[in-house]
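Each chain is listed here by its residues.
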Amino acid sequence: MKALVYRGPGQKAIEDRPKPEIQAPGDAIVKIVKTTICGTDLHILKGDVPSCAPGRILGHEGVGVVDSVGAGVTSFQPGDRVLISCITSCGKCEYCRRGMYSHCITGGWILGNEIDGTQAEYVRTPHADTSLYRLPKGVDEEALVMLSDILPTGFECGVLNGKVAPGSTVAIVGAGPIGLAALLTAQFYSPADIIMIDLDDSRLGIARQFGATHTLNSADNKAAEAVKALTGGRGVDTAIEAVGVPATFLLCQDLVAPGGVIANIGVHGYKVDLHLERLWSQNIAITTRLVDTVTTPMLLKTVQAKKLDPSRLITHRFPLDRILDAYDTFGRAAETQALKVIIAA
Ligand SMILES: NC(=O)c1ccc[n+]([C@@H]2O[C@H](COP(=O)([O-])OP(=O)(O)OC[C@H]3O[C@@H](n4cnc5c(N)ncnc54)[C@H](O)[C@@H]3O)[C@@H](O)[C@H]2O)c1
Ligand SMILES: [Zn+2]
Ligand SMILES: [Zn+2]
């Protein structure tokens, strides 16, 4: 089968690989129908993720058709159309029993990281009963690819941890796919204001179409002042960090109102200062989270009921044999205006 393989920092290639086989009774082999590329795959290619060794097939998102199942799989059979979660969970360990699938002792974020991933014709998914989801009937399968990772990430790490509430004020720093996923799902709770902040005016334009009440380009270093002006001098109840660089986590510390929450989503590669000399008295909370995908069943229902349309995040489509072009387009998002690229296997 064809697969996109990480060959070490800065290097990737399409390779011919053997079709994966069942290794444990809980495994399923899934034939990929649609997959996509995540900003985290770009982090791997930069060499930022040491757990991902050269030779690994990348990809942790996708929908497909079950091809075969191990003897222990009871919920799925060959022919079932499934969503593949970016997080693998056994459902039984202490962390899984607490709903913290991201820290599953024998799972977590392993796909396209510690084991071969979804940017291929087939993938082996461990703990299939608790890591795959049946696709609802009549829903656009491309749209559901957005539920493998980015929608649960924006929702769980940003909206839920940030305690977005009716009438509250929200700032989201970063209008990439993850920040936009937080913007879409924050609206479940009817906050009064959602202020999107980015350096890219075209992404801010998309944010306005997706329901942002205000957008700010922070290139002038005046975003904190502008947010204060929009919120009666207070700042926001929820500041969501959806970039993953020191500047944006620092900005969130300037945006948060007394009693508010800074909800970090970004994957950080560098240390960041925490200004406790100002914040100690402000009754704030700071949260971090690796997505658990514990809200995937709920998100599937909202898509089926047309309360949420994740297909709005899809900008480009490629066949699997052109996945290198897909990486190029996704990697130059500022020029190509790419958000999510769909790859059809
Ligand atoms: N916590 C998790 O479980 C989890 C899961 C998936 C992704 N992530 C992380 O979430 C982050 C966002 O992902 P994405 O795919 O949307 O990334 P992305 O790179 O597509 O988007 C980031 C956005 O931030 C903007 N930006 C960059 N520097 C900025 C600055 N100084 N000020 C304001 N805006 C700035 C960019 O213009 C871009 O629009 C990444 O760090 C990714 O690795 C975390
Ligand atoms: Zn991802
Ligand atoms: Zn577990």
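Placed above this text is the structure.
Description of the structure in this document. (Residues numbered from 1 in each chain as written. Chains lettered and ligands numbered in written order. Predicted model: local features only at pLDDT ≥ 70, side-chain atom pairs only at ≥ 80, totals over all residues. Heavy atoms only, no water.)

For the protein, the count of helices and strands is 13 helices and 15 strands. At 20 Å, the protein has a C-alpha radius of gyration in line with the 20 Å of a compact globule built from 345 residues. Principal-axis analysis of the C-alpha atoms gives the protein an extent of 60 × 40 × 40 Å. Counting across all 345 residues of the protein, residues that qualify as buried make up 55%. Long-range contacts, defined here as pairs at least 24 residues apart, represent 69% of the contacts in the protein between residues at least 6 apart. Accessible surface computed for the protein: about 14600 Å², of which carbon and sulfur atoms make up 51%. Averaging the locations of the 33 positively and 36 negatively charged side chains of the protein gives two centres separated by 4 Å. (Helix = DSSP H or I, 4+ residues; strand = E, 2+ residues; numbered from the N terminus. Rg over C-alpha atoms; globule rule 2.2 N^0.38 Å. Buried < 20%, exposed > 50% of the residue type's maximum accessible area, 1.4 Å probe, protein only. Contact = heavy atoms within 4.5 Å. Areas by Shrake-Rupley, 256 points an atom, 1.4 Å probe, with all protein chains shown as cover. Lys, Arg positive; Asp, Glu negative; His and termini not counted. Charge placed at Lys NZ, Arg CZ, Asp CG, Glu CD.)

A few words now on the coordination of the zinc ion (ligand 3). Every protein donor of the zinc ion (ligand 3) is accounted for by C90 (SG), C93 (SG), C96 (SG) and C104 (SG), and the metal-donor separations fall at 2.3 to 2.4 Å. Relative to the metal, the four donor atoms surrounding the zinc ion (ligand 3) lie at angles of 102 to 118 degrees, and the coordination shape comes out tetrahedral. (Donors = N, O, S within 2.8 Å, 3.2 Å for Na, K, Ca; no water. Tetrahedral: all angles 85-135°; square planar, octahedral: opposite > 155°, others 65-115°.)

Another aspect to go through is the pattern of salt bridges. As enumerated under the stated definition, the model contains 19 salt bridges in all. A salt bridge links E15 to R7; its shortest N-O distance comes to 2.7 Å. The structure contains a network of salt bridges with shared partners spanning R7, E15, R17, R56 and D116. (Salt bridge = Lys/Arg side-chain N within 4 Å of Asp/Glu carboxyl O.)

Another point: the layout of surface pockets. Each pocket or cavity is described by its volume, and for the second largest pocket that value is around 220 Å³. Of the residues assigned to the lining of the second largest pocket, the class counts are seven nonpolar, two polar and five charged. (1 Å grid on protein atoms, 1.4 Å probe; cavity = no way out; pocket = protein on both sides within 12 Å on 5 of 7 lines; lining within 4 Å. Points joined across faces, edges and corners; volume = space filled by probe spheres on them. Nonpolar A, V, L, I, M, F, W, Y, C, P; charged D, E, K, R; others polar.)

At a minimum axis distance of 11 Å, the contact between helix α1 (residues 39–46) and helix α12 (residues 323–331) shows a crossing angle of 100 degrees. If you check the angle between α1 and α12, you find them roughly perpendicular. Between α1 and α12, the contacting residues are G39, D41, L42 and L45 on the first element and Y327, F330 and G331 on the second. Of the residues that constitute the contact of α1 with α12, the class distribution is four nonpolar, two polar and one charged. (Axes fitted to C-alpha atoms, helices over the stretch in contact; angles between N-to-C directions. Parallel < 35°, antiparallel > 145°, perpendicular 65-115°, else oblique.)

Once that is clear, we can look at the packing of aromatic side chains. Enumeration according to the criterion identifies two aromatic pairs in this entry. Here the aromatic rings of F155 and F188 are separated by 5.6 Å at their centres, their planes lie at 80 degrees, and the arrangement is edge-to-face. Here the residue F155 occupies a position in helix α5 (residues 150–160), and F188 occupies one in the loop between α6 (177–186) and β9 (193–198), the gap between them amounting to 33 residues. In this structure F188 comes out as partly exposed when scored by relative accessible area, which is 30%. A ring pair is formed by F155 and Y189, whose centres lie 6.4 Å apart and whose planes are at 10 degrees; its orientation type is stacked. Of this pair, F155 sits in helix α5 while Y189 is found in the loop between α6 and β9, placing the two residues 34 residues apart along the sequence. Joined through ring pairs, the aromatic side chains of F155, F188 and Y189 make up one cluster. Cation over ring: K19 sits above Y122, and NZ or CZ is 4.5 Å from the ring centre. (Phe/Tyr/Trp six-rings, centres within 6.5 Å; stacked < 30°, edge-to-face > 60°. Lys NZ or Arg CZ within 6 Å of the ring centre and 35° of its normal.)

C38 (SG), H60 (NE2) and D149 (OD) make up the full set of protein donors to the zinc ion (ligand 2), lying at 1.7 to 2.2 Å. Here the donor residues of the zinc ion (ligand 2) share one chain and are spaced in sequence as C-x21-H-x88-D. Of this pair, C38 sits in the loop between β3 (28–36) and α1 while H60 sits in the loop between α1 and β4 (62–69), placing them 22 residues apart in sequence. Looking at H60, the relative accessible area reads 2%, which means it is buried.

On to the sheet that holds strand β12 (residues 256–264). Overall, parallel pairing links the six strands, which are arranged β10-β9-β8-β11-β12-β13 in an open sheet. Looking along the sheet, the strands with just one partner apiece sit at the ends: β10 (214–217) and β13 (285–287). On average, each strand axis in the sheet is tilted by 15 degrees relative to the strand beside it, whichever way the strands run. Sheet topology note: the strand β11 (residues 236–241)/β12 ladder contains five bridges and is parallel. Residue I240 lies in a different strand from β12, and its bridge partner there is A263. Docked against the sheet, helix α7 (residues 201–209) engages β9 and β10, running at close to 170 degrees with respect to β10. (Pairing = 2+ DSSP bridges.)

Turning our eyes to something else, we now look at α7. Buried within α7 we find R203, L204, G205, I206 and A207. At its buried positions, α7 is contacted by α6, β9, β10 and α13 (333–336). Looking at where α7 begins, the residue whose side-chain oxygen comes 2.9 Å from the main-chain nitrogen of S202 is D200. Looking one or two places after α7, you find G211, whose phi comes out positive at around 115 degrees. (Polar contact = N/O pair within 3.5 Å; in protein donor to acceptor, adjacent residues only side chain to side chain.)

Let us look at the site of ligand 1. Taken together, 22 residues surround ligand 1, and among them D198, R203, V243, I265 and V291 come closest. Within the contact set of ligand 1, an oxygen atom lies 3.4 Å away from a side-chain nitrogen or oxygen of H43. Between V291 and ligand 1, the recorded distance is 2.9 Å, taken from a backbone N or O atom to an oxygen atom. In the complex, 83% of the free accessible area of ligand 1, which totals 870 Å², lies under the protein chains. At the level of secondary structure, the elements contributing two or more residues to the shell around ligand 1 comprise α1 and α6. Looking at the shell around ligand 1 residue by residue, the class counts come to ten nonpolar, eight polar and four charged. (Near = heavy atom within 4 Å.)

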